[in-house]
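# Structural characterization, general
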Amino acid sequence: YGERLPPSGQSDTAILDICSSWISHLPKGYSAGKIVGLGMNEEELKANPALTDWIVKDLNEDPTLPFDDNTFDAVLNAVSVDYLTKPLPLFREISRVLKPGGQAIMSFSNRCFPTKAIGIWTRVGDADHVLIVGSYFHYSGAFTALQAKDISPPRNPIFGGDPMYVVFANKA
């Protein structure tokens, strides 16, 4: 996120972390005027020190985001895009709440709870995961400048390592 987010410390910056929990995976020390977490577990959201506000909501029940148009500079999702059952309506909502030119940033690995992930996610590999997330942006019709990046850490020669990818785009 450090390469994509607005600079830290700006009081007029607003960030939305969807599918948030006890951590937002922001760069160490990152701050903004508003960092809102939207997730399903109230106790985890309360424990997240990065958040200035939080809302409990299940986006699989209702993908509507409870915010005004053009509210956020960036919308983030860390390691939960694979659980979204209504991605196209949600990605349209993400675009709606982003300010003009705002960014949506989805990061993910190949780790998941197989019983909670959408079916196709567990049947394909990493490259297909990137294509799936990219298709959400593309077919929502609401984004431009779509990019993907492999941000995997170096593999440990003994323990291996987990791949990590980010797919991001700007509000059209």
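Now for a quick tour of the structure. (Residues numbered from 1 in each chain as written. Predicted model: local features only at pLDDT ≥ 70, side-chain atom pairs only at ≥ 80, totals over all residues. Heavy atoms only, no water.)

## A word on the overall build of the protein chain
A tally of helices and strands in the protein chain yields four helices and seven strands. Ordered by position in the sequence, the α and β elements of the protein chain form the string β-β-α-β-β-α-β-α-α-β-β. Radius of gyration (C-alpha) of the protein chain: 15 Å, near the 16 Å computed for a compact globule of 172 residues. Taken along its principal axes, the extent of the C-alpha atoms in the protein chain is 45 × 35 × 30 Å. In the protein chain, once contacts between residues fewer than 6 apart in sequence are set aside, the share between residues at least 24 apart is 62%. Accessible surface for the protein chain amounts to roughly 8,900 Å². Of this, 54% is attributable to carbon and sulfur atoms. Counting 15 positive and 19 negative side-chain charges, the protein chain places the averaged centre of each group 2 Å from the other. (Helix = DSSP H or I, 4+ residues; strand = E, 2+ residues; numbered from the N terminus. Rg over C-alpha atoms; globule rule 2.2 N^0.38 Å. Contact = heavy atoms within 4.5 Å. Areas by Shrake-Rupley, 256 points an atom, 1.4 Å probe, with all protein chains shown as cover. Lys, Arg positive; Asp, Glu negative; His and termini not counted. Charge placed at Lys NZ, Arg CZ, Asp CG, Glu CD.)

## Here we look at the nonpolar core
Formed by 33 residues in total, the largest nonpolar core has its most connected members in Leu16, Leu65, Val81, Phe91, Ile94, Phe137 and Phe143. At the level of secondary structure, the elements contributing two or more residues to this core comprise β1 (10–18), β2 (32–39), β4 (72–78), α2 (87–97), β5 (98–109), α4 (126–140) and β7 (164–171). Ranked by the residues each element gives to this core, the list is headed by α4, at five residues. One finds Ile15, Ala74, Ala78 and Phe168 within the second-largest nonpolar core, a separate group that totals 15 residues. (Core = buried A, V, L, I, M, F, W, Y, C linked by side-chain atoms within 4.5 Å. Buried < 20%, exposed > 50% of the residue type's maximum accessible area, 1.4 Å probe, protein only.)

## Here's the deal with the environment of Gly125
Position of Gly125 among the secondary structure elements: in the loop between α3 (119–123) and α4. We classify Gly125 as partly exposed; its relative accessible area is 35%.

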